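# Reading the structure
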Amino acid sequence: MGAYETQGFKLDNSGKRMVVDPICRIEGHLRVEVNLDSNNVIRNAVSTGTMWRGLEVILKGRDPRDAWAFTERICGVCTGTHALTSVRAVEDALGIQIPENANTIRNLMQLNLYIHDHLVHFYHLHALDWVDVVSALSADPKRTSELAQSISNWPLSSPGYFRDLQNRLKKFVESGQLGPFMNGYWGNPAYKLPPEANLMAVAHYLEALDFQKEIVKVHTIFGGKNPHPNWLVGGVPCPINVHDTGAVGALNMERLNLVKSIIDRCKEFVEQVYIPDLLAIASFYKGWLYGGGLSSQNVLSYGDIPEKANDYSPANLLLPRGAIVGGDLKTVHPVDLKDPAQIQEFVSHSWYKYADESKGLHPFDGVTEPNYKPEGKNFKGTRTKIEQLDEEAKYSWLKAPRWKGHAMEVGCLSRMLLGYVQPKQYPFIKDTIDAVLKKLDVPVTALFSTLGRTAARGIETLYCADLQVRQFDKLMAAIKAGDTATANISKWDPATWPKQANGAGFTEAPRGALGHWIKIKDTKIDNYQCVVPTTWNGSPRDPKGQIGAFEASLMNTPLAKADQPLEILRTIHSFDPCLACSTHVMSPDGAELATVKVR
Amino acid sequence: MNSKDTEVLVLGIGNLLWADEGFGVRCVEALAAGWTLPPGVSVMDGGTQGLALLPYIQAARRLLVFDAIDYGLPPGTLKVVEGDEVPRFMGVKKMSLHQTGFQEVLMAAEMTAQPPEELVLIGVQPEELEDYGGSLRPIVRERVADALALALARLEAWGFPARPTAEPVALNDGSLAIERYEAERPSAEAACRIGDARFLPCIGT
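Report follows, based on the coordinates. Small disclaimer: the values here were computed from a predicted structure and weren't measured. (Residues numbered from 1 in each chain as written. Chains lettered and ligands numbered in written order. Predicted model: local features only at pLDDT ≥ 70, side-chain atom pairs only at ≥ 80, totals over all residues.)

## Side note on the packing of helix α12 (residues 427-440) of chain A against helix α13 (residues 450-480) of chain A
All names here are of chain A. At a minimum axis distance of 10 Å, the contact between α12 and α13 shows a crossing angle of 135°. Taken together, the axes of α12 and α13 lie oblique to each other. Like other packed secondary-structure pairs, α12 and α13 cross with a definite hand, here right-handed. On α13, the residues touching Phe428, Ile429, Thr432, Ile433 and Val436 of α12 are Ala455, Ile459, Leu462, Tyr463 and Asp466. Split by residue class, the contact of α12 with α13 holds 8 nonpolar, 1 polar and 1 charged. (Axes fitted to C-alpha atoms, helices over the stretch in contact; angles between N-to-C directions. Helix = DSSP H or I, 4+ residues; strand = E, 2+ residues; numbered from the N terminus. Parallel < 35°, antiparallel > 145°, perpendicular 65-115°, else oblique. Left-handed = near helix turned anticlockwise from the far one by under 90°. Contact = placed C-beta atoms within 7 Å. Nonpolar A, V, L, I, M, F, W, Y, C, P; charged D, E, K, R; others polar.)

What follows is the structure in C-alpha cells.
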C-alpha cells in the first residue's frame, strides 16, 4: 500500500513517524501515530485504541432488566447514557411503551448530562489546547476586566476578581503544583490568545469546576443517586408525589423547584460564560481551520430527545437523526439500526477474528473474538511494548464501524450539521449557527474544522439549555393536569415475554451515536453488543483502506513545532474522545509507552 | 467560599467489573449494608468517575477513600496513607484510568480552594485485575472486613461512631450485589476473559 489515496486524502507514510500516547488529558486512553513531511505537515495518521472492549460478554445469560446497571459501569463519563440506551434496547425488544412523564424525565436527565459533559469538555478537557495558562500570569487584571465586560454581563468580572485569581494561579505555579495545568505546551507559537483572554478563560475554567456541583443535583433528584443514577425498564424509578414533602426518592414540589432553579442557572451560565468565551477564543483562531476530516463528507447521528414518548421517528426527535454522505447536504438519509446492510463492523485492521474479514457484521450478528497480533513489516517493538504500529496490518482494539460501507463522523458537529440542513425542523440550530458564523465573519465551510467542532458543541449546549426549560415546563404541565405515571410495569414479569426477541436501543451520547443491540432468548440475554461513539470516530481502516474520522481529521495539518503535538491534541480532543468504555488499563509506568511524552 | 455540607465523605472507587479493582466499591457497599452512620457522614460509590466526583469532594470536610492500589506489596496487604501522600500513591503506579482521573480531581479541589481538610486512603494491594467480569479474589475479599474496621475506627476518632444496623442499605442495584454478580457470571467459554496484552501481561508472552 505505502502511499495511496482514499476519501480525497493522499496518505503517505514515508516521512518521519511521530507517536503521541496517551492523547487524552484526563479521561480515556488513545494513541495516535503520524508521519510528517519535511515541512512538518501530517501526511499519514494512525489512530489506535489501546484497550479491549467487550462488556457484551459479561451480560450473556443475565436478566435483560439488569443490563443497564452493568452498562452504566463501562464508562467513566457517560454512565447514564449507556443505561438509557440499554433500557431502550430492552423496551424495543419487548415492545414496552413508557409513560409520557418517564420520557420527559429521561430527556431532562439526558439534556442535563449534555450540558454537564459539554461544559466539562470545553473548560477542562479541551480549553487548554487553545488557552495558554502560563501566559495568563502576565495579564493585566484591569484590561482582563474590560475584556470580560465587553463580551458578557456575567457579574464576576471586576479587576479585583481577576487580580485575586491571578495571584492564586501564581501561587499554584510557584508551588510546582500545576495539577491539570501541568499538561501543556505553554509558549508554543500555536497559542494565539493575548494574556488577558488567557486569564479570563482560566477564571472561567475554575468557575465551571465549581458550577458542576449545581448541575449534578438533577441526576441525583431524578435518578435517586449520583454518579450512578437508577434506571428502570418501562420508565423511570422515581414516583411523582407533589403533595408529599419528604418521602425518600419521590418527586415533590420542593425537588421540582430545585430542578427548575438549576435549569435556569445552567442556561444563564451557558449564555453568559460559555458562549461568550467560545466566541472570544474562536475569534483569535479563525485562521486555523484544520481538522475537518470527514465532517464535510460523511456524518451520522441516531438522534435523541423524543418529544412524545415511544416515537423514535426523525420527525419526533429534537436532536436530529440521519446521515449525510459524500458532502451532499441536500439529502438526509434515513438511518435504521436494525437493517443488516446499514451498520456493520469490520475487523481487517482490528485485533479480532472473523471467519471472513473482507465482510462486516451487523451488531445483531456481532462477534468479539480477540486476536491480538501486533505485526507487519513496519511494526517495531514487542507484544507488550509497541514502539510503532503498522497500519497495513491489524493495529487497533477498536473495530471499524461503517454505515452502508462509509466511514462516518459522529458527535456534536454531525448533529448540528444535520440540524442546519433541516432548518424547518430545527430553526434554533440553523439560526444560532448562522449568528455565530456572522459574528466570527467566517463562511459556512468553516464549520468543517476542529474549531467548527468545538463551536458546534457550544451551540448544542445552548440548544440543550433551551430544550431543558421546555421539557421541564412540559413535565410540570402534565403533573398539574393530574398525570403522575412514571413507569409501565405491565411487561415486567418475564412470563409475559416472547421466547425470543431482538431489540436495538440508541441515544446520542454527548460524544456521538451510541447503540446497544440485544437478543433475548428464554428470558435471558443471548447476545449484547455495543457500538460506542469513539469506535466510530477513532476507527481503524477497513478492508478498502478507508480511514476513520480521527485519522482523516489530522491529515494535512501543519505542526508549529515538530516535537510538540499540540495541534494533534487540539483536533483529537475536539471530538471529546472517550475510550473509557469498558476499559481497564494496567500500566506499570504510565508514560512508558510514550515516544512523545505528552506533558 | 469553603462551604462544607458533608462532615465526612466515605468514597469507594474502582471498577467492580475487573476483579480486585472492585475493592473500593465493595467496601462502601459493605459499609452501607452493615452500619448505620451518624448524620454528616455520607457513603458513595464513585466507580470510575473522574471530575464528576469533584462536587462531592469539594463539599466534604474529611474524605475517606477505599481503593485498590499497587503499593508493590504482597497481594491482600492493606495500607493506609494520609494527607498529601494520597495523590502521590494514586498516581505513581496507575492501575486503571480512574486513578489518573482521581488525582486530577484532588488537584481540582485544591485549585478551587475547597480541598478536604483531612484525607485518608485505605488501599489494598490487589492480586488479580485481569479477570474481566470477575469478582474479588478470596485474599482481597477477606480484607474488606479489615478495611471496614480501619474505616470505622477512623470515623470514631473523628467523632462519628457508627452502629451495626438491622436495616441494611443497598448502595447499588441488586444485580451488582456481589453474590448475584458472581453467581450469574457467564462461563469462560461464553465470555472472553482476556484483554489488552500491553497492559495485561498474562497474555503478553
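## Some details on the environment of Tyr302(A)
All names here are of chain A. Take tyrosine 302: it is sitting in the loop between β6 (299-301) and β7 (304-306). Residue tyrosine 302 is classed as buried on the basis of its 28 C-beta neighbours within 10 Å. Distance in space between the C-alpha atoms of tyrosine 302 and aspartate 336 is 8.6 Å, their sequence separation being 34 residues. Discounting residues that sit within four places of it in the chain, tyrosine 302 has contacts with Arg321, Val335, Leu337, Phe506, Glu508, Ala513 and Gly515. (Buried ≥ 20, exposed ≤ 12 C-beta atoms within 10 Å, placed from the backbone.)

## A look at the sheet that holds strand β9 (residues 322-324) of chain A
All names here are of chain A. As summarised here, the arrangement of the 3 strands in space is β9-β6-β14, forming an open sheet in which the pairing is mixed. Here the strands that pair on one side only, and so sit at the sheet edges, are β9 and β14 (409-410). Bridging between β6 and β9 involves 3 bridges; their strand directions are antiparallel. Among the inter-strand pairings, serine 301 is bridged to a residue of β9, identified as glycine 322. Taken strand by strand, helix α11 (residues 412-420) contacts β6, β9 and β14, and its axis lies near 90° from that of β6. (Pairing = 2+ DSSP bridges.)

## Some remarks on the packing of α11(A) against α13(A)
Residue and element names in this part refer to chain A. Between α11 and α13, whose axes approach to 8 Å, the crossing angle comes to 70°. One way to sum up the angle between α11 and α13 is to call them roughly perpendicular. Crossing handedness for the pair α11 and α13: left-handed. Facing α11, whose interface residues are Cys412, Leu413, Arg415 and Met416, α13 presents Gly452, Arg453, Ala456, Arg457, Ile459 and Glu460. By residue class, the composition of the contact of α11 with α13 is 5 nonpolar, 1 polar and 4 charged.

Read these as layout, nothing more, since geometry by itself doesn't imply function.
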